Amino acid sequence: MRSSIATHLPARRKTKRIAWGRAIARVFCFLFAFVGLVPVGVAALVRAPFVRDMISRETAKLAKKEGIVARYDVGLSLVPLAVELRNVRVESTDGQGPFLEAKHALAKPRLFALMAGTLDIDQIEVESPKVRVVLKNGELANLNVKLPESKEKKPFRAPFNVVSVSDGVVDLVVDDFLHVSLDEVDADLAAEEIDSVSASELEIAVRVGTIKSRWRRQVAPDDPKRVEEIDAEDDMLCELDARVRVEKDKVIVRRFTTHGGADLDPAGDTFTGCSLPNDDKRRVEVALHQTTIVLPPEGKKFPLVDGRVLVRAPIALASRAPGVPDTDGWVKLEGELKFSSPDELPDFKGSILARGVRVDHYTIAQELQGDLILRKDVDPKRAGSQVLESPKMSIRMADGDVTLSNVKVRPLEPASADALSATVDVKSVDFIKPVSYTHLRAHETVLD
């Protein structure tokens, strides 16, 4: 007989296995979702009206501590990081209107630079600014701003990369005798860092629609019993276009062109407009191309100028200086110019064209045209002297033609036989009065 013993063992409890991979994935999903919601939440927060009002109040308080009363609406964005100002208004201290108004201004700082505690703005954009500046005795008179004086001369380091201004207006008053207004101003400025020691180099492009200037000057009356009168000169420049590079020790004018008109009318409010014909004696033209201005070294005040220039202007502008006789006509100079000292005449090689030249009641030339060279005299006996030369100069005067050849004039020397020499060929000139050629060498004078 068999016997069986049944042994009953307790059942094993099944342990629940943790899905670690799934848990870690859920944690990371939560973290990523939180990180993704943070900028959205912050963006919504900074767009909230109470946050913008708080930022406006706090920044206005900081500006008021510096003597500036300003109002504006603030906006912030995170992608990309930018600070936006709208309806900007900075009040002046003279009560004659705001110092600055702008519809819109935008600044885009670099995030990592801010995190490092450095102000580095990538781009600044200003739309339709209106600036009113009043200067008296060389200082700003309509805004209470005192710039800190730095004892150490440090190179200029631009805290921005690009500044762009569009459709600007500038109104400038200097000591109540000069009023300049600029309209339709567009400017682009780009800063470039050469290294960590040198100053920033700037590339500047400027375009201005119109520039109006009104000069007020006292005029001594003919009658000594009358008080001095105030005369206003209303000059105008149009379509100014300039491209300039500013480096550590020099300024390179890649191009500078403008035209306009000079006021020759004693009446007030006589701006000429921008459409003067080429034969109008009031027309003004100025152009510079590839002109280098080397800044003066320490101890000197006058820069070195070297480049190609074109200048056309009425001769009557000289009559604005006291003691200068009445003049008329216009003159145009074009050529290469070098200028290094206010005590010396510049070196010039180019051409001259003048029409309707009159001094007092003497008509000098109906038209004058020719080559012109102004240089230092190569004669060792005249070291430091300068000579004005012209291989050929054609003059239309008294309904006749005068041709000057091999002209040499030493303008800084007293009148003598060596101070002026030329070969003269005169044809069909109607001399009303005898003409004296005392300053011409007799053997070089030919009369037809």
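Counting restarts for each chain, with residues numbered from 1 along the sequence as it is written. Owing to the predicted nature of the model, reporting of local features is limited to residues with pLDDT of at least 70; listing and counting of side-chain atom pairs is limited to 80 or more, with chain, interface and lining totals taken over all residues. Each side-chain value is worked out from all heavy atoms of the structure, with water and hydrogens disregarded.

Asks: Just checking my understanding: could you explain the overall build of the protein chain for this structure?
Replies: Secondary structure follows DSSP: runs of H or I at least 4 residues long count as helices, runs of E at least 2 residues long count as strands, and numbering of each begins at the N terminus. Scanning the protein chain for helices and strands turns up three helices and 20 strands. Here a residue-residue contact requires only that any non-hydrogen atoms of the pair lie within 4.5 Å. Expressed as a percentage of contacts within the protein chain between residues at least 6 apart in sequence, the contacts between residues at least 24 apart total 48%.

Asks: So what exactly am I meant to see when it comes to the state of the cysteines here?
Replies: Covalent bonding between the sulfur atoms of two cysteines is what defines a disulfide. Working definition: a disulfide is two cysteine sulfur atoms within 2.5 Å of each other. In total, this model carries one disulfide according to the counting rule given. Cys238 shares a disulfide with Cys274; S-S distance 2.0 Å. Around the S-S axis, the bridge from Cys238 to Cys274 shows a dihedral of about -85 degrees and counts as left-handed. With Cys238 in strand S10 (residues 229-246) and Cys274 in the loop between strand S11 (250-261) and strand S12 (283-294), this residue pair connects regions lying 36 residues apart in the sequence.

Asks: Whenever I open this one, unusual backbone geometry confuses me. Can you help?
Replies: In most cases, non-glycine residues show a negative phi, while peptide bonds are predominantly trans. For Asp360, which is not glycine, the phi dihedral falls at a positive 60 degrees. Mapping Asp360 onto the fold places it in the loop between strand S15 (347-359) and strand S16 (362-376). Asp360 sits in the partly exposed class, given a relative accessible area of 38%. One non-glycine residue, Asn406, lies in the positive phi region at around 50 degrees. Its place among the elements puts Asn406 in strand S18 (residues 400-409). Working definition: with a 1.4 Å probe on protein chains only, accessible area under 20% of the residue-type maximum means buried, over 50% means exposed, and in between means partly exposed.

Asks: Looking at this structure, how should I read the nonpolar core?
Replies: Note that soluble globular proteins tend to have their nonpolar side chains buried in a common cluster. Counting residues in each nonpolar core, the largest one holds 20 residues, and the members touching the most others are Leu368, Met393, Ile395, Val402 and Leu404. If you list the elements that add at least two residues to this core, you get S15, S16, strand S17 (386-397), S18 and strand S19 (420-427). Discounting residues that sit within four places of it in the chain, Leu368 has contacts with Ile352, Leu353, Ala354, Met393, Ser394 and Ile395. Buried Ala, Val, Leu, Ile, Met, Phe, Trp, Tyr and Cys residues that are joined via side-chain atoms within 4.5 Å together make up what is termed a nonpolar core. Counting 10 residues, the second largest nonpolar core, distinct from the first, contains Ala70, Val88, Ala102 and Val133.

Asks: Which parts of the structure should I look at to understand the pattern of salt bridges?
Replies: When charged atoms on two side chains of opposite charge get close, those side chains can pair. Salt-bridge detection follows one rule: a side-chain nitrogen of Lys or Arg within 4 Å of a carboxyl oxygen of Asp or Glu. Counted under the stated rule, the structure contains 27 salt bridges. Between Arg132 and Asp94 there is a salt bridge, with the nearest N and O atoms lying 2.8 Å from each other. One end of the pair, Arg132, is in strand S5 (residues 130-136); the other, Asp94, is in the loop between strand S2 (81-90) and strand S3 (100-109), with 38 residues separating them in the sequence. By relative accessible area, Arg132 is classed as buried at 14%. The salt bridge involving Glu285 is made with Arg283; its shortest N-O contact spans 2.9 Å. With respect to class, Glu285 is no different from Arg283; both count as buried. Residues joined by salt bridges that share partners form a network here, namely Glu192, Glu201, Glu203, Arg243, Arg245, Glu247 and Arg254.

Asks: Looking at this structure, I do not really get a nonpolar patch on the surface. What am I missing?
Replies: On the surface, Val359, Tyr362 and Ile364 cluster together to form a nonpolar patch covering roughly 280 Å² of accessible area. Relative to the elements of secondary structure, Ile364 occurs in strand S16. The patches described consist of residues with a relative accessible area above 30% and no salt bridge, like charges being joined within 9 Å and nonpolar side chains (Val, Leu, Ile, Met, Phe, Trp, Tyr) within 5 Å. The method behind every accessible area is Shrake-Rupley, applied with a 1.4 Å probe, and residues are considered shielded solely by the protein chains displayed.

Asks: Explanation requested: the packing of aromatic side chains in the structure shown.
Replies: The geometry of an aromatic ring pair is captured by two quantities: the separation of the ring centres and the angle between the planes. For Phe, Tyr and Trp, where Trp contributes only its six-membered ring, two rings pair if their centres lie within 6.5 Å, and the inter-plane angle classes them as stacked under 30 degrees, edge-to-face over 60, or tilted in between. Under the counting rule described, the total for this entry stands at two aromatic pairs. Ring geometry for Phe302 against Phe339: centres 5.2 Å apart, planes inclined by 75 degrees, an arrangement best described as edge-to-face. Taken together, the positions of Phe302 in the loop between S12 and strand S13 (304-314) and Phe339 in strand S14 (residues 327-339) put the pair 37 residues apart, joining distant regions of the chain. On the basis of relative accessible area, Phe339 is assigned to the partly exposed category, the value being 25%. Lysine and arginine charges are scored as sitting over a ring when NZ or CZ, respectively, is within 6 Å of the ring centre and within 35 degrees of the ring normal. One residue, Lys212, lies across the ring of Phe271, its end atom 5.1 Å from the ring centre. Positioned over the ring face of Trp330 is Arg312, at 3.7 Å from the centre of the ring.

Asks: So what exactly am I meant to see when it comes to the side chain of Arg283 here?
Replies: Position of Arg283 among the secondary structure elements: in strand S12. With relative accessibility at 15%, the residue Arg283 sits in the buried group. The definition of a polar contact used here is a pair of N or O atoms within 3.5 Å, where within protein one atom must be able to donate a hydrogen and the other to accept one, and adjacent residues in sequence count solely through side-chain atom pairs. Here the side chain of Arg283 touches Leu276 through a polar contact of 2.9 Å, landing on its backbone oxygen. Leave out the neighbours within four places in its chain, and Arg283 touches His259, Gly260, Leu276, Pro277, Asn278, Arg312, Ala313 and Pro314.

Asks: Just checking my understanding: could you explain the environment of Phe99 for this structure?
Replies: Topologically, Phe99 is positioned in the loop between S2 and S3. By relative accessible area, Phe99 is classed as buried at 14%. Taking the C-alpha atoms as reference points, Phe99 and Asp171, separated by 72 residues in sequence, lie 9.6 Å from one another. Not counting residues up to four positions away in its chain, the partners in contact with Phe99 are Val90, Glu91, Ser92, Lys130, Val131, Arg132, Val133, Leu140, Asn142 and Leu143.

Asks: For this particular structure, what's the right way to read the side chain of Ser128?
Replies: For Ser128, the location among the structural elements is in the loop between strand S4 (121-127) and S5. On the basis of relative accessible area, Ser128 is assigned to the buried category, the value being 14%. The residues contacting Ser128, other than those within four sequence positions of it, are Glu101, Ala102, Lys103, Ser166 and Asp167.

Asks: Can you help me understand the environment of Glu101 in this one?
Replies: Relative to the assigned elements, Glu101 resides in strand S3. Separated by 26 residues in the primary sequence, Glu101 and Glu127 place their C-alpha atoms 9.9 Å from one another. With sequence-adjacent residues up to four places away left out, Glu101 is seen in contact with Val88, Arg89, Ser128, Pro129 and Lys130. A polar side-chain atom of Glu101 sits 3.0 Å from a polar atom in the side chain of Arg89.

Asks: Where do I start with the pairing of S14 in this structure?
Replies: Walk down a regular strand and you will see the side chains alternate between the two sheet faces. Bridge count for S13 against S14 is 10 bridges, and the pairing is antiparallel. Directly across from Val311, in S14, lies its bridge partner Leu333. Pairing between strands is defined by DSSP: at least two bridges between them are needed. Across 11 bridges, the pairing between S14 and S15 is antiparallel. Bridge pairing in S15 links Trp330 to Arg355.

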